[in-house]
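Report on the structure
Each chain, written out:
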Amino acid sequence: MPQHLVDRDPQVSPQQMAASLVPPPQFTEASFDSYRPDADYPSQAAVRDAVSAFVATRPEPVKRGLFGRKRSAGAAAGSSASAGKSGVYLDGGFGVGKTHLLAAAYHAEPGRKTFGTFIEYTALVGALGFQGTVDLLRGTALVCIDEFELDDPGDTMMMTRLIKELSDTGTRFAATSNTPPGALGEGRFAAQDFLREIQAMSDRFETMRIDGLDYRRRAVDESAAVVSDVSASLPGSGAVTLDDFRSVVAHLASVHPSKYVALVDGLDAVGLTDVAPFTDQTDALRWVALVDRLYDAQVRIIASGTPLDEVYPATMLDGGYRKKYLRAASRVVALTRVPD
């Protein structure tokens, strides 16, 4: 008999959060060599080579000058050359391989490294406190941040402070997003009030644009698959759940998004009945966060009702979270696809 997703109430310790800062299982073997750039979009190969060179280049050691001010090794020797960027930022559409390249950077880094989504790092701060997170990550050679999106002023301030604290001690960053760092927050809050913080973060990254088609939908213009009888369509083996879509959406409100990884841990498939369009944006954003975790774990979705790539009304798609919704729509197309 299938389990119920709404019966799951995972408890995750700060230690478990820290230990989970590794690439998703599907990217365990990701490398720069295994990345397959689309020949029609030269930027894909160019960015692959640039990120590979960034990881391979050893940064100059951080030294402290008079009054503790940071100096690069070159500056200490009297060089007038400015310090290089402390991070690379991969900006592009959905399904162009940004996460693959981020995981490849993680695997290529010989030193201490972490890999997590933006929400996982913010959850770590929530669990350990800001200084506790800085202490935990201090000494890390490379911090990889996937799906970098700032949805509120508090996250803006916190993440820019974290990046500054760590980069000042020599940590480097690699990040991905569908929005260039200078545009983070646009359409979501009064970004002009935080322009200084956003610009300070942007100045630390070398932005690299990746063009291309969504590889998940490259072969044919697909929609998310639906079935008439979810229960009958569930796999006959493996760990599966079966729930009403509205019940799952309501349950997500009682589980912190940082625990969504544990919520879907060990599952092979999720069954959802009577899918319907969203009317509340908060519910829609929680669903997006769950889709990201389902996609990372490659958990298949079997659903009835409205196709899961059509659950966002035009009023939501025209707003500041448009790119998040479109990313989720792209991912559910892949997750609902009937396996060969």
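Throughout what follows, the structure given in this document is the object of discussion. Computed from a prediction, not measured in an experiment: that's the story for all the values here.

**Structural notes on the nonpolar core**
Burial of nonpolar side chains together is a common tendency in soluble globular proteins. The biggest cluster of nonpolar side chains holds 37 residues, and the ones touching the most others in it are Leu 272, Phe 278, Trp 287, Leu 290, Leu 308 and Tyr 312. Listed by contribution, the elements that provide at least two residues to this core are helix H10 (245–252), helix H11 (260–263), strand S9 (269–275), helix H12 (281–296), strand S10 (300–305) and helix H14 (322–335). Take this core: its biggest share by element is eight residues, from H12. Residues within four places of Leu 308 in sequence aside, it is in contact with Ala 224, Phe 245, Leu 272, Val 275, Trp 287, Ile 301, Ala 303, Val 332 and Thr 336. Membership of the second largest hydrophobic core comes to 23 residues, among which are Ala 105, Ala 174, Met 208 and Ile 210.

**Some points on the environment of Tyr 325**
Along the chain, the position of Tyr 325 falls in helix H14. Taking the C-alpha atoms as reference points, Tyr 325 and Asp 309, 16 residues apart in sequence, are found 8.6 Å from one another. Once you skip the residues sitting within four places of it in the chain, Tyr 325 turns out to touch Gln 281, Ala 284, Leu 285, Val 288, Tyr 312, Met 316 and Leu 317.

**Considerations on the pairing of strand S6 (residues 172–177)**
Across the six residues that make up S6, a large majority, six, are buried. Along S6, one buried face is formed by Arg 172, Ala 174 and Thr 176 and the opposite face, lined by Phe 173, Ala 175 and Ser 177, is buried too. Pairing geometry for strand S3 (residues 87–92) and S6, over five bridges, is parallel. Opposite Gly 87, over in S6, you have Phe 173 as the bridge partner.

**Topic: the sheet that holds strand S8 (residues 240–244)**
With parallel pairing, three strands are arranged side by side in an open sheet as S8-S9-S10. The open sheet has two edge strands, S8 and S10, and neither has a second partner. Going from strand to strand, the sheet's axes swing by 15° on average, the running direction of each strand aside.

**Concerning H10**
Buried within H10 are the following residues: Phe 245, Val 248, Val 249, His 251 and Leu 252. Seen from one end, H10 has its buried residues packed into an arc of 160°, which puts them on one side. Exposed and facing more than 90 degrees away from the buried side of H10 are Arg 246 and Ala 250. Of the surrounding secondary structure, the elements contacted by the buried residues of H10 are S8, H11, S9 and H12.

**Observations concerning the sheet that holds S3**
Spatially, the five strands line up as an open sheet ordered S4-S5-S6-S3-S7, and their pairing is parallel. On the outer flanks of this sheet lie strand S4 (113–117) and strand S7 (205–210), each paired with one strand and no other. On average, each strand axis in the sheet is tilted by 15° relative to the strand beside it, whichever way the strands run. Here S3 pairs with S7 via six bridges, running parallel. Residue pairing for S7: Val 88 is matched across the bridge by Glu 206. In the packing of helix H5 (residues 118–128) onto the sheet, the strands contacted are S4 and strand S5 (142–146), and the crossing angle to S4 comes to about 105°.

So, how was this worked out
- Residues numbered from 1 in each chain as written.
- Predicted model: local features only at pLDDT ≥ 70, side-chain atom pairs only at ≥ 80, totals over all residues.
- Heavy atoms only, no water.
- Core = buried A, V, L, I, M, F, W, Y, C linked by side-chain atoms within 4.5 Å.
- Buried < 20%, exposed > 50% of the residue type's maximum accessible area, 1.4 Å probe, protein only.
- Helix = DSSP H or I, 4+ residues; strand = E, 2+ residues; numbered from the N terminus.
- Contact = heavy atoms within 4.5 Å.
- Pairing = 2+ DSSP bridges.
- Axes fitted to C-alpha atoms, helices over the stretch in contact; angles between N-to-C directions.
- Arc of directions from axis to C-beta.

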